[in-house]
Amino acid sequence: MVVLIAAVLGLLVTTGPAGATPPNIPSASTALSRLNSQTVAAESHASTYNRDLFPHWITISGTCNTREQVLKRDGTGVVVNSSCAPTTGSWYSPYDGATWTNTTDVDIDHMVPLAEAWASGAWAWTTAQRQTYANDLGGPELWAVTDNVNQSKGDKDPAEWQPSLTSFRCTYARAWVQVKYYYNLTVDSAEKSTLTSTLNAC
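Model, not experiment: these values are computed from the prediction. (Residues numbered from 1 in each chain as written. Predicted model: local features only at pLDDT ≥ 70, side-chain atom pairs only at ≥ 80, totals over all residues. Heavy atoms only, no water.)

Asker: Help me understand the overall build of the chain in this model?
Answerer: The helix and strand inventory of the chain stands at eight helices and seven strands. What you see for the chain is a C-alpha radius of gyration of 18 Å, in line with the 17 Å of a compact globule of 202 residues. With respect to the principal axes defined by its C-alpha atoms, the chain has extents near 65 × 35 × 25 Å. If you take every contact in the chain between residues at least 6 apart in sequence, the share linking residues at least 24 apart comes to 73%. Of the side chains in the chain, 12 bear a positive and 17 a negative charge, and the two mean positions are spaced by 5 Å. (Helix = DSSP H or I, 4+ residues; strand = E, 2+ residues; numbered from the N terminus. Rg over C-alpha atoms; globule rule 2.2 N^0.38 Å. Contact = heavy atoms within 4.5 Å. Lys, Arg positive; Asp, Glu negative; His and termini not counted. Charge placed at Lys NZ, Arg CZ, Asp CG, Glu CD.)

Asker: I keep staring at the nonpolar core and nothing clicks. Help me out?
Answerer: Nonpolar side chains tend toward joint burial in soluble globular proteins. Ranked by internal contacts, the top residues of the largest apolar core, which has 31 residues, are Tyr95, Met111, Tyr133 and Leu199. Mapped by element, the contributors of at least two residues to this core are helix 2 (28-37), helix 4 (114-119), helix 5 (127-134), strand 7 (142-146), helix 7 (169-182) and helix 8 (189-200). Tallying contributions element by element places helix 7 first for this core, with six residues. Among the nonpolar cores identified, the runner-up in size contains seven residues, and Trp91, Val106, Ile108 and Leu142 belong to it. (Core = buried A, V, L, I, M, F, W, Y, C linked by side-chain atoms within 4.5 Å. Buried < 20%, exposed > 50% of the residue type's maximum accessible area, 1.4 Å probe, protein only.)

Asker: I tried to follow the packing of helix 7 against helix 8 on my own but got confused; where do I start?
Answerer: Any two packed helices are characterised by the angle at which their axes cross and by the distance between the axes. In the contact formed by helix 7 and helix 8, the axes pass within 9 Å of each other and the chain directions differ by 130 degrees. One element, helix 7, and the other, helix 8, form an angle in the oblique class. The handedness of the crossing between helix 7 and helix 8 comes out as left-handed. The residues of helix 8 that touch helix 7, namely those facing Arg169, Cys170, Ala173, Arg174, Trp176, Val177 and Lys180, are Glu191, Leu195, Thr198 and Leu199. When its residues are assigned to classes, the contact of helix 7 with helix 8 shows six nonpolar, one polar and four charged. (Axes fitted to C-alpha atoms, helices over the stretch in contact; angles between N-to-C directions. Parallel < 35°, antiparallel > 145°, perpendicular 65-115°, else oblique. Left-handed = near helix turned anticlockwise from the far one by under 90°. Nonpolar A, V, L, I, M, F, W, Y, C, P; charged D, E, K, R; others polar.)

Asker: Whenever I open this one, the state of the cysteines confuses me. Can you help?
Answerer: Any covalent bond linking the sulfur atoms of two cysteines counts as a disulfide. For the coordinates displayed, the defined rule picks out two disulfides. Paired through a disulfide, cysteine 64 and cysteine 84 show a sulfur-sulfur distance of 1.9 Å. Judged by the sign of its S-S torsion, about 85 degrees, the bond between cysteine 64 and cysteine 84 is right-handed. A residue pair is termed long-range when its members are at least 10 positions apart, and cysteine 64 in strand 2 (residues 64-65) and cysteine 84 in the loop between strand 3 (76-80) and strand 4 (86-93) qualify at 20 residues. Among the residues examined, cysteine 84 registers a relative accessible area of 1% and is labelled buried. For cysteine 170, the disulfide goes to cysteine 202, at an S-S distance of 2.0 Å. Note on the cysteine 170 and cysteine 202 pair: the S-S dihedral is about 120 degrees, so by sign convention the disulfide is right-handed. On the criterion of sequence distance, the pair formed by cysteine 170 in helix 7 and cysteine 202 in the segment after helix 8 is long-range, its members being 32 residues apart. (Disulfide = S-S within 2.5 Å.)

Asker: Just checking my understanding: could you explain helix 5 for this structure?
Answerer: Since the α-helix packs 3.6 residues into each turn, any two residues three or four apart lie on the same face. Buried within helix 5 we find Arg130, Tyr133 and Ala134. Relative to the axis of helix 5, the buried residues are bounded by an arc of 90 degrees and lie together on one face. Those residues of helix 5 that are buried lie in contact with strand 6 (106-110), helix 4, strand 7 and helix 7. (Arc of directions from axis to C-beta.)

Asker: Help me understand helix 2 in this model?
Answerer: Residues of helix 2 that are buried: Ala28, Ala31, Leu32 and Leu35. Buried positions in helix 2, seen along its axis, are confined to an arc of 100 degrees and lie on one side of it. In this structure, the buried side of helix 2 is in contact with helix 7 and helix 8.

Function cannot be inferred from these measures alone, as they are strictly geometric.
Have a look at this one:
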């Protein structure tokens, strides 16, 4: 009976829509303060961007690469096989509110896209620094989201693209600012204006 109850409770725990949230997302007021301390500058070097300049999905632990680590971190009821590929689980995409049970429907989004980071200052980094950025699990840079939503976002900044789930836009702005602040990346004027408006409305 105890085993049966535990099994039922386990099912109850794993069927909720919400997954984990990446760490170190500041409050709106802190994000606004950090945004105001950032250098405002036009983007540059966009024509020299190459995704291969950001080595990503490196091995993090055992057989788990960065993508698999995020799927484990942010999913619910995730079970992985010996090569760390999820065999079961569900993933809630905060950008659009959808929940998925097949990892082929889930992309790992870089909150501040690699091309955006490049044009905001990462062009001057070493390859090692760009690898650290592309695989950062310590801040709010990597998110498990619906694949076609991630593709719709592409390399756009918040002045050009916002999550369709309006209730998430405050968190999105807070996370975006934190990533740019932590990595000392610049913001352009339209981006700063949009982020300021969003954070003031949080």
